[in-house]
Structure formats: C-alpha cells, structure tokens
Amino acid sequence: MVHTIEKKAKTPDTLSKLFNEIFAPNPLISGRYLQHYFEENNSSFETMVREVLYSNINKEKQSLLFDEIIKLCVAPGKSPNLDSIITYNFDDILESKLEKTGLEIPYKTIHGIGMEIKNDELPIYHVHGYLPENGKLNSSHKITFGENNYHEQYSNIYSWNNIVQINKFRDNTCIFIGSSLTDPNIRRLLDIAYEQKGNKKRGHYIIKKRVNIGYLLNKLDVYEMPKELISNEEKLEQVLNNLIELYEKFEENDSSSFGVQTIWVKDWDEIPEILRKVRESVT
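Residues numbered from 1 in each chain as written. Predicted model: local features only at pLDDT ≥ 70, side-chain atom pairs only at ≥ 80, totals over all residues. Heavy atoms only, no water.

S.K.: Give me the sheet that holds strand β4 (residues 175-176): which residues, what numbers.
M.R.: Strand order in the open sheet formed by three strands is β4-β5-β6, and the pairing between neighbours is parallel. A strand with exactly one partner marks an edge of an open sheet, and here the two such strands are β4 and β6 (260-265). Bridge analysis of strand β5 (residues 204-209) against β6 gives six bridges, and the strand direction is parallel. For K208, the partnering residue across the bridge sits in β6 and is W264. (Pairing = 2+ DSSP bridges. Helix = DSSP H or I, 4+ residues; strand = E, 2+ residues; numbered from the N terminus.)

See the structure below:
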C-alpha cells in the first residue's frame, strides 16, 4: 500500500505510511485497489507481494510448531499420520523446513491445475496460491487476495482448490490450526462436505485460544460499567468469567454446526504438544 500510494499519488513516504497506519484500509478494499493498480501499470502484483512477504521472514528461526508438523510429514506413504496438508498461506516456509531436515521426505506442492501426485508423495495444497521465495513466477502462481480473485473462486464450485477442500473435509479427519473459520468460502465448503457425509459424520478439530480476563478488561471501558461491579472485584471477575463462558459456547456451537470440535488452549505454545500426542496416538 505504501509503495503504490507513494508512486501513484506522488505522496511522500511518511504520509503514505501514516495513511496506512491510521486508516488501516479493509483487506478486501486494499486487495482490490492493489490489483487494479498493478494491472494499470502492467506490473506483477504477485512479485510485489512476494517481495513484501519475505522481507521480514527468518526461515532459520526455530519453531516447535513446525517441528511437530515436519514429524507428521516424515512418512506420509508408510504410516497413517498424515493424508495431506491444506494451507491458505502463499509462502514456502513449510517446504523449506522439509528440505532442511536432510531426510528424503516425498512431498509435492500443489498450487494449480494438472499437478499430479505420486502414491508415496505428501501433497501440500496451496489453495489460495503459492509464491516461492526463489524462482520465476508465472500464471500458475496467481493468488487469491483481492475481491476479484475471491469472487471467482467462490462462484466456481468446481475449481480444483474447492474440489480438493470438499474431498478432504468429507473423507478425512482434519485439524484446523491458525484458522478462525470465518472465511465464507471455507464455511460453505465445510457445509457441503458435512452434508455429503450423510450418516458417516467423522469429526474435525479446530484449535482456538481462550480469552483471558486481562484481555477483556483491556477491551472493556470500566467507566461505562456499573459502579457496583467496578468496586467489587469478586463480582466483576464472576461477570467476566460468565462472559468468557458465553463466548466459548457461542464459538463451539458455530464450529460444531460444520462437524468441527473445538480444542481450547490458554496459549498457542500448547499446540506442538497437542500435535505430538496426536502423532504418537496413531503410530
């Protein structure tokens, strides 16, 4: 956004950054604006996204979460651990981690039509597009970022990426990590898969972080709350706990309507341990 505003409006860098920080344009509006800008200027939108995407990434940084995902990927054709990975990210961090293990892990990155998978390969589906850090980008690296791309994917139920998701949601047990399940297209595909299962309703799981009282207090304006609550810490804590319980039930009911059970964690750092238990329970 800063780059395009600066170039198009001949606006100083500082003013462009202030606009971006203060008004924080809606992602859909931003995506639409950016795609139009690059089309008008015969420039590659994907190339610019790639530059920004990898500008602050440290692939050498250790991640316990990635370590556990890699362990699930080690023998996809020889164990029941993992059928496939679906990612909504553009980056190649997972692929880089797999390469750096030094092990011969058979995997295949899928990001377009006509990419075949061998029996012993673990497919990694980039259903919103793929932008590897190195190499030349072509038409197969188109990403779902702006409204136009999103509408195209949403309207074409028979697109390869939609078909992949429906099949996996219908035939496998899936674990959603880092997903809020608010994307309208994912919700629609989960609905379709859930209906197609019929009586064979194998469940999925989603990992979500609990809301803590400290976060709620920061969000609430205590001056707008009744004085008897502010002065009574015990009563205030009870109200906040009830509010958290209500929120969690609301989230659980929404997820369960798609056949997805919620696993609550106090901190994201708990996820690697959950994946370890999953991995060990099926080996």
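S.K.: Which residues make up the nonpolar core, and what values do they have?
M.R.: Formed by 16 residues in total, the largest nonpolar core has its most connected members in C73, I85, L94 and L98. Elements that contribute at least two residues to this core include exactly α5 (64-73), α6 (93-99), β3 (122-126) and α13 (271-281). Sorting elements by how many residues they give to this core places α5 first, with four residues. Those residues within four positions of L98 in sequence are excluded, and the remaining contacts are I70, C73, I105, Y107 and I124. Listed in part, the twelve residues of the second largest apolar core include L189, L190, A193 and I206. (Core = buried A, V, L, I, M, F, W, Y, C linked by side-chain atoms within 4.5 Å. Buried < 20%, exposed > 50% of the residue type's maximum accessible area, 1.4 Å probe, protein only. Contact = heavy atoms within 4.5 Å.)

S.K.: Any chance you could break down unusual backbone geometry for me, citing the residues and the numbers?
M.R.: Although it is not a glycine, L181 sits at a positive phi angle of roughly 55 degrees. Under the relative-accessibility criterion, L181 is labelled buried at 1%.

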